[in-house]
Amino acid sequence: MTAESESGAEHEPEYDDTAIRFLAVVWGDGYLSPGGPEEVDRVLSGLDLAGKSVLDFGCGAGGITLHIAKKYNPAEVVGYDVEQPVIDRARLAAVREGLTAQVRFIATPPGTLPFDDDEFDLVFSKDAMIHVDDKEWLFSELFRVLKPGGRLAASDWLIAHDGEPSSEMQDYIAAEGLRFGMASPQRYLQAMTAAGFVDVSAENRNAWYREVARGELERLSGPLHAQAVAAVGEEYVAKNIRTWGAMQKVLDTGEHCPTHLRGSKPGGGHP
Ligand SMILES: C[S@@+](CC[C@H](N)C(=O)[O-])C[C@H]1O[C@@H](n2cnc3c(N)ncnc32)[C@H](O)[C@@H]1O
């Protein structure tokens, strides 16, 4: 790994300071995905992380990484991302909350993860895998860095089917303007299994987010509007209201399906 790649600086950020400020208004400080700590807790339900080492893959601005550190008493949580602005925010938040002994944040450009084989007891990820096109590569990397007996507990934004997205989905992806590599639950489960994961499962969260997103759009157009405009300006908010409208269509048809994913690396004891 070069010094340049350690900084992550060569990669043009999609989640820049404006996006971070805007999403903090809608989803909470340090959160770049919906549902807050309650949804994180649902992703982690039934897992005991006390004394364990945890990787938060695609940690963004670190709100979730810090929540895991505070609530679950792990030995260590490492937040990893490919973008520098989110990692800068996350590091500041860790200092502010006095969590630097328990939490580290690392940015590198996309590619081989900067971690040893068998390093973590748990890989967590929230709504970040969508940005990685090659799911087979992704799950083999996450499998590699897990200890035998380690667990994967994640949430991501999937598409209900393989093949061409509907025109509504294409409109939504274009409105987001982010690099989305959406894949079906079947593709995820196959990629996880091919990587070596066992006990793999996918739980469709469309019914939950369909209603949550409706409320987000209502708040963004109503009670949160002034706060959002103060944070990022009228034009940015208007663009995002259009994006939310496009997203609601594909949530309502079920084509956009946020999904919880679980898998285990065989061997050892489970966290
Ligand atoms: C929707 S945000 C979610 C961030 C955080 N997990 C959360 O829920 O607040 C997606 C994150 O994935 C990151 N990301 C994009 N490509 C990635 C990659 N190849 N590897 C790891 N993270 C990536 C982005 O920089 C961004 O921070």
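Note that the structure is a prediction, hence the values are computed from the model and not measured.

1. Here's the deal with the pairing of strand E5 (residues 146–159)
Working step 1: Of all 14 residues making up E5, twelve are buried, and the element is well covered by its neighbours.
Working step 2: Relative to E5, strand E4 (residues 120–126) runs parallel, the two sharing six bridges. The residue bridging valine 123 from the neighbouring strand is leucine 152, located in E5.
Working step 3: A crossover connection joins E4 to the parallel E5 through helix H6 (residues 135–145); in handedness this β-α-β unit is right-handed.
Working step 4: By the bridge criterion, nine bridges tie E5 to strand E7 (residues 256–264) in an arrangement that is antiparallel. Within the sheet, the bridge partner assigned to aspartate 156 lies in E7 and is threonine 259.

2. Quick notes on empty space enclosed by the protein
Working step 1: All chains considered together, the criterion is met by one cavity of 30 Å³ or more.
Working step 2: Estimates place the volume of the largest cavity at around 30 Å³.
Working step 3: Contributing to the lining of the largest cavity are Pro34, Glu39, Lys126, Asp127, Ser155, Trp157, Trp208, Tyr209 and Pro258.
Working step 4: Every element with two or more residues in the lining of the largest cavity is listed here: E5 and helix H9 (206–221).
Working step 5: Class assignment of the residues belonging to the lining of the largest cavity gives a composition of five nonpolar, one polar and three charged.

3. Observations concerning the nonpolar core
Note on soluble globular proteins: their nonpolar side chains tend to be buried together.
Working step 1: In terms of nonpolar packing, the biggest core is built from 56 residues, with Phe22, Leu44, Ile68, Phe124, Trp157, Tyr209 and Trp244 touching the most fellow members.
Working step 2: Those residues in contact with tyrosine 209 that sit more than four places away from it in its chain are Trp27, Pro34, Trp157, Glu216, Trp244, Met247, Leu251 and Pro258.

4. Re unusual backbone geometry
With glycine set apart, most residues show a phi of negative sign, and most peptide bonds adopt trans.
Working step 1: Backbone geometry at asparagine 73 places phi at a positive 55°, although glycine is not the residue there.
Working step 2: Of note in the backbone geometry, aspartate 127 takes a positive phi value of approximately 55° without being a glycine.
Working step 3: Along the chain, aspartate 127 turns up in the loop between E4 and H6.
Working step 4: Judged by relative accessible area, aspartate 127 falls into the buried class, the value being 11%.

5. Examining the UniProt feature "domain: Polyketide synthase-like methyltransferase" (unreviewed entry) in the protein chain
Working step 1: The sites that UniProt annotates as "domain: Polyketide synthase-like methyltransferase" (unreviewed entry) are residues 22–266.
Working step 2: In this annotation, residues 22–266 is assigned 46% helix and 22% strand; the end-to-end C-alpha distance for the span is 41 Å.

6. Details of the pattern of salt bridges
Working step 1: Inspection of every chain in the model, using the stated rule, returns 17 salt bridges.
Working step 2: Note that glutamate 76 is salt-bridged to arginine 104, the shortest N-O span being 2.8 Å. Within this pair, whereas glutamate 76 is found in strand E2 (residues 76–81), its partner arginine 104 is found in strand E3 (residues 103–107), the two being separated by 28 residues in sequence.
Working step 3: Each member of the salt-bridge network shares a partner with another, and the members are Arg210, Glu211, Arg214 and Asp252.

Reading the values: the criteria
Residues numbered from 1 in each chain as written. Predicted model: local features only at pLDDT ≥ 70, side-chain atom pairs only at ≥ 80, totals over all residues. Heavy atoms only, no water. Buried < 20%, exposed > 50% of the residue type's maximum accessible area, 1.4 Å probe, protein only. Helix = DSSP H or I, 4+ residues; strand = E, 2+ residues; numbered from the N terminus. Pairing = 2+ DSSP bridges. Right-handed = clockwise from strand over helix to strand, strands pointing away. 1 Å grid on protein atoms, 1.4 Å probe; cavity = no way out; pocket = protein on both sides within 12 Å on 5 of 7 lines; lining within 4 Å. Points joined across faces, edges and corners; volume = space filled by probe spheres on them. Nonpolar A, V, L, I, M, F, W, Y, C, P; charged D, E, K, R; others polar. Core = buried A, V, L, I, M, F, W, Y, C linked by side-chain atoms within 4.5 Å. Contact = heavy atoms within 4.5 Å. UniProt positions renumbered as here; feature names shortened; annotations may be inferred. Salt bridge = Lys/Arg side-chain N within 4 Å of Asp/Glu carboxyl O.

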